[in-house]
Amino acid sequence: MRQANRDDVTPPPSLHGPSNDVQEEIDAAVAFYGAYDPTIQSRPKGFDFKKYKAVDVQTELKALFHDKCAYCESEATCDIDVEHFRPKGEVTEDPLHTGYWWLAHTWSNLYLSCQHCNQRRLQHIATETMTEAQFVALKAVKPGVSYGKMNQFPIDGTRASYSAQDLTPERPYLLNPTEENPEPFFRWSTNGTYSVVLAKQTDQWLSARALTTISIFALNRLKLVQSRTRILTELRFQKAQIIEELEEDFAYGGSQRHIDRAVKRVVSMRRLHGPEQPYSAMVKAFIDEFEVELIGRIAQL
């Protein structure tokens, strides 16, 4: 997950106008929820929203998130959703809540999400200490636990409603990649074989938010970890080459030319964490750490 700035794109005209279709749906939803009672046993289905995901919305979301899932940074494919950060139909943690239906067409509440992050799917979860043998064995077993956001939206404050729409008191557990920088919340495994994202051990609230985000979006699901690890393996290979060549040079007296070449190669690696690159948050964290290590090694040589 990396931060994205909505000011970098144009608000979709269908929502910003809004279009006649969107306005008609908004009016219909207001009328629908005016008579809606979520306390009825066998809760009735919520309003069937359709106009929030027009082509212009999808186009701007793809531009905003560089054709990647807003949460896991996997490349957008045909299995992509226009996702509501605050769920429109119901809230898992508050069964009597109507859902944030009045935000169904609000641009700031819409995200591009892969279905593995957004929908409930059976998933295996990788851990930092998992061995290759354990990873392979787990892949051969059918998962029994479902993960994915769906209608989850845990908070630590007072939940907003249609009659009290101020969102400020909510204090969401989920990180919002267009309103805050996720980087300070996460760290990436360095000792294990696989690319596993972990919570930074900062204060209790920040750690809780990181852990909740990792869990709800299943950011350590096996296939995702496997995809990140392919890139991590290449990064580790390049790192090893740079260090080996530098140490060999210094064994024969060393030269500024080889130091400059090593630094230049690290700078070149940084192209892999451009905003359009998959798993760029993981890549940036790796290169940042390597850069510090490299400077330390050079100082000792």
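What this report covers is the structure whose coordinates are included nearby. (Residues numbered from 1 in each chain as written. Predicted model: local features only at pLDDT ≥ 70, side-chain atom pairs only at ≥ 80, totals over all residues. Heavy atoms only, no water.)

Here we come to the pattern of salt bridges. Inspection of every chain in the model, using the stated rule, returns 16 salt bridges. Linking Arg270 and Asp288 is a salt bridge whose minimum nitrogen-to-oxygen distance equals 2.8 Å. In this pair, Arg270 sits in the loop between helix 8 (256–269) and helix 9 (280–300) while Asp288 sits in helix 9, placing the two residues 18 residues apart along the sequence. The class for Asp288 is partly exposed, based on a relative accessible area of 25%. Across the salt bridge formed by Arg270 and Glu291, the nearest N and O atoms sit 3.1 Å from each other. (Salt bridge = Lys/Arg side-chain N within 4 Å of Asp/Glu carboxyl O. Helix = DSSP H or I, 4+ residues; strand = E, 2+ residues; numbered from the N terminus. Buried < 20%, exposed > 50% of the residue type's maximum accessible area, 1.4 Å probe, protein only.)

Attention now moves to empty space enclosed by the protein. Leftover empty space is mapped by rolling, across the atoms, a probe with the size of a water molecule. The final tally for this structure, using the stated rule, is one cavity of 30 Å³ or more. Put simply, the largest cavity is a space of about 80 Å³. Broken down by secondary-structure element, the contributors of at least two residues to the lining of the largest cavity are strand 5 (186–188) and helix 9. Of the residues in the lining of the largest cavity, the class split is ten nonpolar, no polar and two charged. (1 Å grid on protein atoms, 1.4 Å probe; cavity = no way out; pocket = protein on both sides within 12 Å on 5 of 7 lines; lining within 4 Å. Points joined across faces, edges and corners; volume = space filled by probe spheres on them. Nonpolar A, V, L, I, M, F, W, Y, C, P; charged D, E, K, R; others polar.)

Here the structure, examined in full by the defined rule, presents 18 aromatic pairs. Geometrically, the ring pair formed by Tyr71 and Tyr111 is stacked, given 6.0 Å between the ring centres and 25° between the ring planes. Here Tyr111 lies in strand 2 (residues 110–114) and Tyr71 lies in the loop between helix 3 (55–64) and strand 1 (80–84), a separation of 40 residues in the sequence. With respect to class, Tyr71 is no different from Tyr111; both count as buried. Where Trp102 meets Tyr162, the ring centres are 6.3 Å apart and the plane angle is 55°; that geometry is what we call tilted. Of this pair, Trp102 sits in the loop between strand 1 and strand 2 while Tyr162 sits in the loop between strand 4 (146–147) and strand 5, and the two are 60 residues apart along the sequence. Tyr162 gets classed as partly exposed once you look at its relative accessible area, which sits at 41%. Above the face of the Tyr111 ring, Arg6 is positioned so that its terminal group lies 4.8 Å from the ring centre. Cation over ring: Arg86 sits above Tyr100, and NZ or CZ is 6.0 Å from the ring centre. (Phe/Tyr/Trp six-rings, centres within 6.5 Å; stacked < 30°, edge-to-face > 60°. Lys NZ or Arg CZ within 6 Å of the ring centre and 35° of its normal.)

This paragraph deals with the nonpolar core. Counting 67 residues, the largest nonpolar core has Phe49, Leu61, Phe65, Tyr71, Cys117, Phe186 and Leu219 as its most contacted members. Among the elements that take part in this core, helix 9 stands out by supplying seven residues, more than any other. Discounting chain neighbours no more than four positions away, the residues touching Phe49 are Glu25, Ala29, Tyr33, Lys88, Trp101, Ala104 and His105. Ala126, Met130, Phe135 and Leu198 belong to the second-largest nonpolar core, a separate cluster that totals eight residues. (Core = buried A, V, L, I, M, F, W, Y, C linked by side-chain atoms within 4.5 Å. Contact = heavy atoms within 4.5 Å.)

For Arg228, the location among the structural elements is in helix 7 (residues 222–251). The buried charged residue Arg228 lacks any salt bridge partner; its closest oppositely charged side chain belongs to Glu73, at an N-O distance of 8.2 Å. A polar contact of 2.8 Å, which involves the side chain of Arg228, links it to the backbone oxygen of Leu219. Residues in contact with Arg228, not counting those within four places in the same chain, are Trp188, Ser195, Val196, Val197, Leu219, Asn220, Tyr279 and Met282. (Lys, Arg positive; Asp, Glu negative; His and termini not counted. Polar contact = N/O pair within 3.5 Å; in protein donor to acceptor, adjacent residues only side chain to side chain.)

Further remarks concern helix 7. Across its 30 residues, helix 7 extends 42 Å between first and last C-alpha, which sits within 8% of the 44 Å expected from 1.5 Å per residue. Every buried residue belonging to helix 7 is among Leu222, Leu224, Val225, Arg228, Thr229, Leu232, Leu235, Gln238, Ile242, Ile243, Leu246 and Asp249, and all of these are buried. Trailing helix 7 by a residue or two, Gly253 shows a phi angle of about 110°, which is positive. (Expected span 1.5 Å × (residues − 1).)

Of all the five residues making up strand 1, five are buried; the element is thus mostly covered by neighbouring parts of the structure. Here strand 1 shows two buried faces, one formed by Ile80, Val82 and His84 and the other by Asp81 and Glu83. Alignment of strand 1 against strand 2, held across five bridges, turns out to be antiparallel. For Val82, the partnering residue across the bridge sits in strand 2 and is Leu112. (Pairing = 2+ DSSP bridges.)

Between helix 7 and helix 9, the shortest axis-to-axis distance is 11 Å and the interhelical angle comes to 15°. The angle between helix 7 and helix 9 places the two elements in the roughly parallel class. Pair helix 7 / helix 9 crosses with right-handed handedness. Between helix 7 and helix 9, the contacting residues are Arg228, Ile231, Leu232, Leu235, Arg236, Lys239, Ile242, Ile243, Leu246 and Glu247 on the first element and Met282, Val283, Phe286, Phe290, Glu293, Leu294, Arg297 and Ile298 on the second. (Axes fitted to C-alpha atoms, helices over the stretch in contact; angles between N-to-C directions. Parallel < 35°, antiparallel > 145°, perpendicular 65-115°, else oblique. Left-handed = near helix turned anticlockwise from the far one by under 90°.)

Relative to the 30 Å expected for 21 residues at 1.5 Å per residue, helix 9 spans 30 Å between its end C-alpha atoms, a close match to the ideal helical length. Tucked into the core, helix 9 has its buried residues touching strand 5, helix 7 and helix 8.

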